[in-house]
Amino acid sequence: MALTRVVSGALPVLFLLCILHSTPSAQAHNITQILDKYPDLSTFNQYLTLTHLAAEINRRQTITVCAVDNAAMSSLLSKGLSLYTIRNVLSLHVLVDYYGAKKLHQLSNGTTLTATLFQATGSAPGNSGYVNITDLSGGKVGFGTGDNSGSLNSFYVKSIDEMPYNISVVQISQILNSAEAEAPTPEPSQLNLTALLAAKGCKAFSALLTSTGAIKTFQDNIDGGLTVFCVSDAVINAFMPKYKNLTDGDKLSLLLYHGLPVYNSMGMFKSNNGAANTLATNGANKYDFTVQNVGEEVTLETKINTAKITGTLLDQDPVAVYKIDKVLMPRELFKVADVPAPAPAPEAESPKGVKASLAPEPDTSDNTAADQTAKKKNGAVRINGGGLIILGMSLWFGAMALM
């Protein structure tokens, strides 16, 4: 009898623990495994892997893949396009929104224009990185690129797999036509990084890379993977007084601090937080910073300042180039005092006869590291608080069962 009461009292506890451990934060998917079940889509599947698009698809959520059969892929391959150009074409077939079979046949207003991974690369001019989806008569759904004069050259065939609001894989009849996506794409080693930066509003930053010789280190890392953070001409001009006070060696380190020796897509930044080593990292001189993401916003936190990614200039594996709103200031070269404090807000006038009370000034002696530690502690308190509530509920249910 006592054993029965103990077991019955423990059941609520076990039930709650099962709920906690069986609720995943997100449903993972693997596009290669999904397509492996369909031999007639094997060439499309193979080229998703060869172009590294498969890894990008697997990192993202709320996405739709428009697959084509082997015959349609043969038509694309017969054009003799480079692998990097084929990547652009196939990236048009990856929509950055969820479209299951039901949604495709119930489009608001009967048509929609949706962005693709080609648009996310920053290489797609105008509407060329978008796909027009239109619900047609007779149950047909047409697909066409934004730069195809409104022509719908491909049509929905069937649904391959659906994980609602995570990933949908559908088959369409033909490769989507796009002159922009099929335009010759240079090999990564042929990329002129300085010209790209200058053309995208970072001419002053590009000039500094050249004058210090830092550009050679950036170019040498392109084939193996490279992520660049550049700033606008206005930001560089405002930073020049500090820059001119640095030694030649420190100027070089500062510029190398704006590059990572690995490729990072925006999707990777949005799904991973943590420390990142830079091109300036050298043994004891860490020259690292912390990547943080909150929703759609990605920030880079040094111990001195925090910069926000404001735009994508290029995102094409193995190279990504992003624009940020501040020059990154490593702790190895700067102190907290080098960053000007924000101007105080104007004081409101006190009513007559009432003496204004001044709040004590905040203690600014702690650096950003202390702030981060406090954030972590606060986070821990919230988590532990939740755990205590669950534990309390479990004990209450157990006690009720024993009564």
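Structure: above.
Summary of the structure given here. Since the model is a prediction, treat every value here as computed from it, not as a measurement.

Details of empty space enclosed by the protein
The gaps of empty space that remain are located by a probe, the size of a water molecule, rolled over the atoms. This model, assessed by the stated rule, comprises two cavities of 30 Å³ or more. Here the largest cavity defines a volume of roughly 60 Å³. As for the largest cavity, its lining consists of Glu56, Arg60, Arg87, Leu117, Ala120, Thr121, Tyr263, Ser265 and Asp315. Among the residues forming the lining of the largest cavity, the class breakdown is three nonpolar, two polar and four charged. Considering only enclosed or pocket space, the second largest cavity measures out at about 30 Å³ in volume. Contributions of two or more residues to the lining of the second largest cavity are made by α10 (203-212), α12 (233-244) and α13 (248-256). The element contributing the most residues to the lining of the second largest cavity is α12, with three residues. Residue composition of the lining of the second largest cavity, grouped by class: eight nonpolar, one polar and no charged.

Description of the sheet that holds strand β6 (residues 154-163)
Strands in a sheet are paired, the pairing made by backbone hydrogen bonds, and the direction either parallel or antiparallel. Reading across from one edge, β2-β1-β7-β6-β5-β4-β3 is the order of the seven strands in this open sheet, with mixed pairing throughout. The sheet is open, and its two borders are formed by β2 (94-95) and β3 (111-115), each paired with just one other strand. Where β3 and strand β4 (residues 130-135) come together, five bridges link them in antiparallel fashion. Along β4, the bridge assignment pairs Thr114 with Val131.

As for α12
Over its 12 residues, α12 extends 16 Å from the first C-alpha to the last, a length consistent with the 16 Å expected when each residue adds 1.5 Å. Along α12, the residues that are buried comprise Ile236, Phe239 and Tyr243. The buried residues of α12 occupy an angular sector of 80° when the element is viewed end-on, so they sit on one face. Structural note: α12 exposes Ala234, Asn237, Ala238 and Pro241 on the side pointing more than 90 degrees away from its buried face. Those residues of α12 hidden inside the fold are in contact with α10 and α13.

Notes on the nonpolar core
One broad trend across soluble globular proteins is that nonpolar side chains are buried collectively. Membership of the largest hydrophobic core comes to 53 residues, with the highest contact counts inside it found for Leu193, Phe205, Phe218, Phe229, Phe269, Phe289 and Val321. Apart from residues no more than four positions distant in its own chain, Leu193 is found in contact with Ile215, Phe218, Gln219, Leu226, Val228 and Val321.

Describing the pairing of strand β8 (residues 226-230)
For β8, the tally of buried residues reaches five of five residues, placing the bulk of the element in the interior. The two faces of β8 match: Leu226, Val228 and Cys230 on one face and Thr227 and Phe229 on the other face are all buried. Two elements, β8 and strand β14 (residues 319-324), share five bridges in a ladder whose sense is parallel. Looking at β14, one finds that Leu226 is bridged to Val319. Bridge count for β8 against strand β9 (residues 259-260) is two bridges, and the pairing is antiparallel.

Re the sheet that holds β9
The sheet built from seven strands is open, its strands ordered β9-β8-β14-β13-β12-β11-β10 with mixed pairing. The sheet is open, and its two edges are formed by β9 and β10 (274-277), each paired on a single side.

Remarks on the packing of helix α3 (residues 42-50) against helix α6 (residues 83-91)
Where α3 contacts α6, the axes come no closer than 10 Å and their chain directions differ by 115°. In this view, α3 runs roughly perpendicular relative to α6, as classed from their interaxial angle. Helix-helix and strand crossings are classified by hand; for α3 and α6 the assignment is left-handed. Across the interface between the two elements, Phe44, Tyr47, Leu48 and Leu50 from α3 touch Leu83, Ile86 and Leu90 from α6. Residue composition of the contact of α3 with α6, by class: seven nonpolar, no polar and no charged.

What to know about unusual backbone geometry
In this structure, the amide linkage connecting Asp317 to the following residue, Pro318, adopts the cis form with an omega of 20°. Checked against the element boundaries, Pro318 lands in the loop between β13 (306-316) and β14. For His52, which is not glycine, the phi torsion reads 70° and is therefore positive. Positive phi outside glycine occurs at Thr62, with the angle close to 55°. Turning to its location among the elements, Thr62 is positioned in the loop between α4 (53-59) and β1 (63-67).

Here is what the cut-offs are and how they apply
- Residues numbered from 1 in each chain as written.
- Predicted model: local features only at pLDDT ≥ 70, side-chain atom pairs only at ≥ 80, totals over all residues.
- Heavy atoms only, no water.
- 1 Å grid on protein atoms, 1.4 Å probe; cavity = no way out; pocket = protein on both sides within 12 Å on 5 of 7 lines; lining within 4 Å.
- Points joined across faces, edges and corners; volume = space filled by probe spheres on them.
- Nonpolar A, V, L, I, M, F, W, Y, C, P; charged D, E, K, R; others polar.
- Helix = DSSP H or I, 4+ residues; strand = E, 2+ residues; numbered from the N terminus.
- Pairing = 2+ DSSP bridges.
- Expected span 1.5 Å × (residues − 1).
- Buried < 20%, exposed > 50% of the residue type's maximum accessible area, 1.4 Å probe, protein only.
- Arc of directions from axis to C-beta.
- Contact = heavy atoms within 4.5 Å.
- Core = buried A, V, L, I, M, F, W, Y, C linked by side-chain atoms within 4.5 Å.
- Axes fitted to C-alpha atoms, helices over the stretch in contact; angles between N-to-C directions.
- Parallel < 35°, antiparallel > 145°, perpendicular 65-115°, else oblique.
- Left-handed = near helix turned anticlockwise from the far one by under 90°.

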